[in-house]
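# Report on the structure
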Amino acid sequence: MADPLWEPGLIVRESGSDSEWTIILLHGLGADMRDLAGIAEAMEGSTRVRWLFPNAPLRSVTLNGGALMRAWYDVYGFDATAGEDSAGLTATAGALGALLAAERARSSRPIVLGGFSQGGAMALYTALHAGESVASVLALSAYLPRKELLPAAAADSPTIFMAHGAFDPIIPMDLARHGFELLEARGYHGLWREYAMGHTIIGEELADIERFLWAAHASGRHGDTV
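Residues numbered from 1 in each chain as written. Predicted model: local features only at pLDDT ≥ 70, side-chain atom pairs only at ≥ 80, totals over all residues. Heavy atoms only, no water.

## Let's talk about the overall build of the protein
A tally of regular secondary structure across the protein gives five helices and nine strands. Secondary structure elements of the protein, listed N to C terminal, follow the sequence β-β-α-β-β-β-α-β-α-β-β-α-β-α. Against the compact-globule benchmark of 17 Å for 226 residues, the protein has a radius of gyration of 16 Å, which places it among compact chains. A principal-axis box enclosing the C-alpha atoms of the protein has dimensions of 45 × 40 × 35 Å. Burial analysis of the protein (226 residues in total) assigns 51% to the buried set. Of all intrachain contacts in the protein linking residues separated by at least 6 positions in sequence, the fraction that spans at least 24 positions is 67%. In the form shown here, the protein has an accessible surface area of approximately 9500 Å², with 53% of it arising from carbon and sulfur atoms. Between the averaged position of the 16 positive side-chain charges in the protein and that of its 27 negative side-chain charges there is a distance of 4 Å. (Helix = DSSP H or I, 4+ residues; strand = E, 2+ residues; numbered from the N terminus. Rg over C-alpha atoms; globule rule 2.2 N^0.38 Å. Buried < 20%, exposed > 50% of the residue type's maximum accessible area, 1.4 Å probe, protein only. Contact = heavy atoms within 4.5 Å. Areas by Shrake-Rupley, 256 points an atom, 1.4 Å probe, with all protein chains shown as cover. Lys, Arg positive; Asp, Glu negative; His and termini not counted. Charge placed at Lys NZ, Arg CZ, Asp CG, Glu CD.)

Here it is as structure tokens:
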């Protein structure tokens, strides 16, 4: 369904007017906005959140033989010679930046931007390049796009939670871990977690996310170590 806030479609779930965070979660390649909506139910009760689950636009994806699917940007491959869709990343980051700005106009509550797989990579790129600050980034089973453009951390840079499965057959864990190490080298603070899982999300990971968010929230500053 189309939404005035996000034309490709958007699910919004809110615990109440006293929500402590807004969390925007981006689904993975080929999935849709419903894919991560269960996370809101899994975390309901202990955390008051305004949740946004946007659809990625439909586009042709080179890695999947040019098939039309929901994707935040085109993917050519994951090896060093594959190249990256810089135009697609930039365009989607701009659109998501407008969504972030609209949410900031609604409330002063902290905004968390996250996602799974390609959605997690898109969340990282948007938070670091779109010019709209967020409190934290959740990059789940994801990787860091356009490493060569990574800016140095600033005082208001987000804290970053990156998590990956030791048996992930889609995105190599070494690729994800290297991205987190680069973020640390550029001055970003956050948390890296590895789990005995494949390309998925598990309950232990969600519990770690809640602890991470509470620690970042309690610190009162985006850049504090958690």
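## Points about the sheet that holds strand E8 (residues 159-165)
Spatially, the seven strands line up as an open sheet ordered E1-E3-E2-E6-E7-E8-E9, and their pairing is mixed. On the outer flanks of this sheet lie strand E1 (10-14) and strand E9 (190-195), each paired with one strand and no other. Averaged over all pairs of adjacent strands, the angle between their axes in this sheet comes to 15°, without regard to strand direction. Two elements, strand E7 (residues 136-140) and E8, share five bridges in a ladder whose sense is parallel. Opposite serine 136, over in E8, you have threonine 159 as the bridge partner. Those strands touched by helix H2 (residues 86-106) are E1, strand E2 (21-26), strand E3 (49-54) and strand E6 (111-116), and its axis lies near 155° from that of E3. (Pairing = 2+ DSSP bridges. Axes fitted to C-alpha atoms, helices over the stretch in contact; angles between N-to-C directions.)

## Focus: helix H3 (residues 118-129)
Counted at 1.5 Å a residue, the expected span for H3 with its twelve residues is 16 Å, and the 16 Å between its end C-alpha atoms agrees. Every buried residue of H3 is accounted for by Gln118, Gly119, Gly120, Ala121, Met122, Ala123, Leu124, Tyr125, Thr126, Ala127 and Leu128. If you follow the buried residues of H3, they end up packed against E2, H2, E6, E7, E8 and helix H4 (173-185). Trailing H3 by a residue or two, glycine 131 shows a phi angle of about 85°, which is positive. (Expected span 1.5 Å × (residues − 1).)

## Thoughts on the packing of aromatic side chains
Evaluated as defined, the whole model comprises five aromatic pairs. Aromatic pair tryptophan 6 and tryptophan 72: ring centres 6.4 Å apart, planes at 45°, arrangement tilted. With a gap of 66 residues between them, tryptophan 6 in the segment before E1 and tryptophan 72 in the loop between strand E5 (67-70) and H2 connect regions that are remote in the sequence. (Phe/Tyr/Trp six-rings, centres within 6.5 Å; stacked < 30°, edge-to-face > 60°.)

## Section: the pairing of E6
The side chains of a regular strand alternate, residue by residue, between the two faces of the sheet. Judged by how many residues are buried, E6 sits mostly within the fold: six of six residues are covered. Of the two faces of E6, the one carrying Ile111, Leu113 and Gly115 and the one carrying Val112, Gly114 and Phe116 are both buried. Examined bridge by bridge, E6 and E7 share five bridges and lie parallel to one another. Pairing of leucine 113 across the sheet is with valine 137, part of E7. Each parallel crossover has a hand, and the one from E6 via H3 to E7 is right-handed. (Right-handed = clockwise from strand over helix to strand, strands pointing away.)

## Here's the deal with empty space enclosed by the protein
In the structure shown here, the tally under the stated rule is one cavity of 30 Å³ or more. Lining the largest cavity are Ile23, Leu25, Ile39, Met43, Trp51, Leu138, Leu140, Leu206 and Ile209. Secondary structure elements with two or more residues in the lining of the largest cavity: E2, helix H1 (38-43), E7 and helix H5 (203-219). Of the residues assigned to the lining of the largest cavity, the class counts are nine nonpolar, no polar and no charged. (1 Å grid on protein atoms, 1.4 Å probe; cavity = no way out; pocket = protein on both sides within 12 Å on 5 of 7 lines; lining within 4 Å. Points joined across faces, edges and corners; volume = space filled by probe spheres on them. Nonpolar A, V, L, I, M, F, W, Y, C, P; charged D, E, K, R; others polar.)

## Comments concerning the pattern of salt bridges
Inspection of the entire model under this criterion finds eleven salt bridges. Notably, a salt bridge pairs glutamate 41 with arginine 13, separated by 3.4 Å at the nearest N-O pair. One end of the pair, glutamate 41, is in helix H1; the other, arginine 13, is in strand E1, and 28 residues separate them in sequence. The partly exposed category is assigned to arginine 13, whose relative accessible area is 30%. Of the charged contacts in the structure, one is a salt bridge between glutamate 14 and arginine 50, with a shortest N-O distance of 3.2 Å. Of this pair, glutamate 14 sits in strand E1 while arginine 50 is found in strand E3, placing the two residues 36 residues apart along the sequence. For glutamate 14, a relative accessible area of 36% translates into the label partly exposed. Residue arginine 50 is classed as buried on the basis of its relative accessible area, which comes to 6%. Here the salt bridges share partners, and the residues they tie into one network are Glu14, Arg50, Glu103 and Arg109. (Salt bridge = Lys/Arg side-chain N within 4 Å of Asp/Glu carboxyl O.)

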